[in-house]
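Residue-level structural notes
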Amino acid sequence: KQEVTQIPAALSVPEGENLVLNCSFTDSAIYNLQWFRQDPGKGLTSLLLIQSSQREQTSGRLNASLDKSSGRSTLYIAASQPGDSATYLCALTGANNLFFGTGTRLTVIP
Amino acid sequence: DAGVIQSPRHEVTEMGQEVTLRCKPISGHNSLFWYRQTMMRGLELLIYFNNNVPIDDSGMPEDRFSAKMPNASFSTLKIQPSEPRDSAVYFCASSLTAMGSSYNEQFFGPGTRLTVL
């Protein structure tokens, strides 16, 4: 069974800092990897989707990479802002399931 | 685009009662997913539909849980009878393609917070 791990579980950074969130997985037979953010008491917002044949995707200040051979994905956030504070989850799509990591709770301090 | 719509947003009920959660997917999407989120287990896929047909319900915890999708614009998740351990946030998501596709980008609703007393 696919196991998805996100480290660290929580991260606090000062505003303006660049940061990297990590996601690791055990089974490289994936169809895609999706990064979400979840605000407290809210649903999940899709940030980026990387297809299995791709290595990275960019959207604004966000850049996500995928390395299937090492079972890792990173989400890079440039010039962090207080509005980026949320829980970030990675999720991997297999043949018939979507496996979520436990998330990294990010706090950007003004 | 209204996004995925779920109702109710909050539900408080007593043990043994029937609970019905509702979902309206994004128009044009052909796949619909039901998830449950708890502190202990995180996000878990319960069941998903493709073209209104249930494809995989292996995540449904017990026979007390059932889901239907009578048409492309509506789905229900029913718990009967409900138990306190069913307390969680239930999310519905939809996508344009089926699970297993590299283009399967899922869009989530705001969730229903269920509390069973």
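Procedures and definitions
Residues numbered from 1 in each chain as written. Chains lettered and ligands numbered in written order. Predicted model: local features only at pLDDT ≥ 70, side-chain atom pairs only at ≥ 80, totals over all residues. Heavy atoms only, no water. Helix = DSSP H or I, 4+ residues; strand = E, 2+ residues; numbered from the N terminus. Polar contact = N/O pair within 3.5 Å; in protein donor to acceptor, adjacent residues only side chain to side chain. Contact = heavy atoms within 4.5 Å. Buried < 20%, exposed > 50% of the residue type's maximum accessible area, 1.4 Å probe, protein only. Pairing = 2+ DSSP bridges. Disulfide = S-S within 2.5 Å. Buried area = accessible area lost by both parts, 1.4 Å probe. Salt bridge = Lys/Arg side-chain N within 4 Å of Asp/Glu carboxyl O. Nonpolar A, V, L, I, M, F, W, Y, C, P; charged D, E, K, R; others polar.

**Quick look at the side chain of Gln 34 of chain A**
Inspection of the secondary structure puts Gln 34 of chain A in strand E4 (residues 32–38). A distance of 3.1 Å separates a polar side-chain atom of Gln 34 of chain A from the backbone oxygen of Gln 106 of chain B. Every residue in contact with Gln 34 of chain A, bar those within four places of it in the chain, is listed here: Ser 46, Leu 48, Leu 49, Leu 89, Cys 90 and Ala 91 of chain A together with Asn 104, Glu 105 and Gln 106 of chain B.

**Re the pairing of strand E5 (residues 44–51) of chain A**
Residue and element names in this part refer to chain A. Judged by how many residues are buried, E5 sits mostly within the fold: 6 of 8 residues are covered. Bridging between E4 and E5 involves 7 bridges; their strand directions are antiparallel. Pairing of Trp 35 across the sheet is with Leu 48, part of E5. As consecutive antiparallel partners, E4 and E5 are separated by 5 residues, and within that stretch Gly 41 has a phi angle of approximately 70 degrees, a positive value.

**Quick notes on the state of the cysteines**
Scanning the model with the defined rule gives 2 disulfides over all chains in all. Residue pairing for Cys 23 of chain A: its cysteine sulfur links by disulfide to Cys 90 of chain A, the two sulfurs lying 2.0 Å apart. Given an S-S torsion of about 75 degrees, the disulfide between Cys 23 of chain A and Cys 90 of chain A has right-handed geometry. Taken together, the positions of Cys 23 of chain A in strand E3 (residues 19–25) and Cys 90 of chain A in strand E9 (residues 86–93) put the pair 67 residues apart, joining distant regions of the chain. Bridging Cys 23 of chain B to Cys 92 of chain B, the disulfide has an S-S length of 1.9 Å. Of note, the bridge from Cys 23 of chain B to Cys 92 of chain B carries an S-S torsion of about -65 degrees and is left-handed in sense. Pair noted here: Cys 23 of chain B is in strand E3 (residues 19–24) and Cys 92 of chain B is in strand E9 (residues 88–95), with a separation of 69 residues, a long-range link. Overall, the relative accessible area of 0% leaves Cys 92 of chain B in the buried class.

**Some words on the environment of Ala 79 of chain A**
All names here are of chain A. As for its position among the elements, Ala 79 is in the loop between strand E8 (72–77) and E9. A sequence separation of 30 residues divides Ala 79 from Leu 49, and the C-alpha atoms of the two residues are 21 Å apart. Ignoring sequence-local partners within four residues, the contact set of Ala 79 consists of Gly 16, Glu 17, Asn 18 and Arg 61.

**Structural notes on the interface of chain A and chain B**
On the chain B side, the residues contacting the 20 residues of chain A number 21 residues. Between chain A and chain B, the buried area comes to about 1,600 Å², and carbon and sulfur atoms account for 53% of it. When the buried area of chain A at its contact with chain B is split by residue, Leu 44, Asn 96 and Phe 100 of chain A rank highest and sum to 27% of it. At the junction of chain A and chain B, the tally comes to 0 salt bridges. If you list the elements that add at least two residues to the side of chain A that touches chain B, you get E4, E5, E9 and strand E10 (98–100) of chain A. Across the side of chain A that touches chain B, the residue classes tally to 8 nonpolar, 11 polar and 1 charged.

**Regarding unusual backbone geometry**
Residues and elements named next belong to chain B. That bond from Ser 7 to Pro 8 is cis: its omega, -10 degrees, falls within 30 degrees of zero. Along the chain, Pro 8 falls in the loop between strand E1 (5–7) and strand E2 (10–13). Residues other than glycine seldom take positive phi values, yet Asn 51 does so here, at roughly 50 degrees. Inspection of the secondary structure assignment puts Asn 51 in the loop between strand E5 (42–50) and strand E6 (53–56). Classification of Asn 51 as partly exposed rests on a relative accessible area of 47%. Even without being glycine, Asn 52 reaches a positive phi, approximately 75 degrees. Taking the relative accessible area as the measure of exposure, Asn 52 reaches 29% and is therefore partly exposed.

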